[in-house]
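Observations on the three-dimensional arrangement
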Amino acid sequence: MKTSVELQPPFAYMIIWIILSVVVIAAVIFAQVYLRKKLGERLKKEKKLKMKRISEATLEGKKKKYLAELSYIETDLVNNKITIRESYQKISHTIRMFVFEVTGIKVQHYTLTEIRRVNIPQLTNLVREYYEPEFARETRADVRASIFRTRALIEGWRK
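A few points on the structure.

Reading the values: rules and limits
Residues numbered from 1 in each chain as written. Predicted model: local features only at pLDDT ≥ 70, side-chain atom pairs only at ≥ 80, totals over all residues. Heavy atoms only, no water. Patch = residues over 30% accessible without salt bridge, like charges linked within 9 Å, V, L, I, M, F, W, Y side chains within 5 Å. Areas by Shrake-Rupley, 256 points an atom, 1.4 Å probe, with all protein chains shown as cover. Salt bridge = Lys/Arg side-chain N within 4 Å of Asp/Glu carboxyl O. Helix = DSSP H or I, 4+ residues; strand = E, 2+ residues; numbered from the N terminus. Buried < 20%, exposed > 50% of the residue type's maximum accessible area, 1.4 Å probe, protein only.

**A look at a nonpolar patch on the surface**
On the surface, Ile15, Ile18, Ile19, Val22 and Val23 cluster together into a nonpolar patch covering about 470 Å² of accessible area. The topology assignment puts valine 22 in helix 1 (residues 15–44). For valine 22, a relative accessible area of 52% translates into the label exposed.

Spelled out as structure tokens, the structure:
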């Protein structure tokens, strides 16, 4: 039986395509290993935090602004306009924004571990104190004592 179709050597089985595939896969693997090593080293390096310098008058203005915010929080708490949890959230936001405005370090976005690396022990202690009441459904934390300590940190802040 004769057929009218003539078979040709299969294109897909040419050895060049197998070799090219292996070379491309090897290049991709090499590039990934190389880039991960380079980027990993760059990410592991400790970034030096640069604190901005502000004038004494500007610092005093920032202190007044954030001390007034603490007073509003305390007033709202006393008048039962906010809960203990909300007050801790607002206190945390207040101290973080104060530190950001006077240092330029974006601590308002940092976790406690990242704040610890900034090396401002008073801030670390305050944020650690806020964590449980800030995220708990119910707490018996002493908000007024926390506001007092936050106020003391702001008042005592030096350039």
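**Regarding unusual backbone geometry**
The phi torsion of most residues other than glycine is negative, and most of the peptide bonds are trans. Its identity as a non-glycine residue notwithstanding, asparagine 80 has a phi of 60°, on the positive side. Structurally, asparagine 80 can be placed in the loop between helix 2 (56–78) and helix 3 (84–103). Exposure remark for asparagine 80: the relative accessible area of 68% places this residue in the exposed category.

**Observations regarding the pattern of salt bridges**
Evaluated as defined, the whole model comprises six salt bridges. Lysine 65 is paired through a salt bridge with glutamate 101; the nearest N and O atoms lie 3.2 Å apart. With lysine 65 in helix 2 and glutamate 101 in helix 3, the pair connects residues that are 36 residues apart, well separated along the chain. Accessibility expressed as a relative area gives 13% for glutamate 101, which makes it buried. With a shortest N-O distance of 3.9 Å, arginine 144 and glutamate 74 are connected by a salt bridge. Taken together, the positions of arginine 144 in helix 6 (residues 143–156) and glutamate 74 in helix 2 put the pair 70 residues apart, joining distant regions of the chain. With a relative accessible area of 21%, glutamate 74 lands in the partly exposed category. Because the salt bridges share partners, they merge into one network encompassing Lys62, Lys65 and Glu101.

Function cannot be read off these values alone, since they describe shape.
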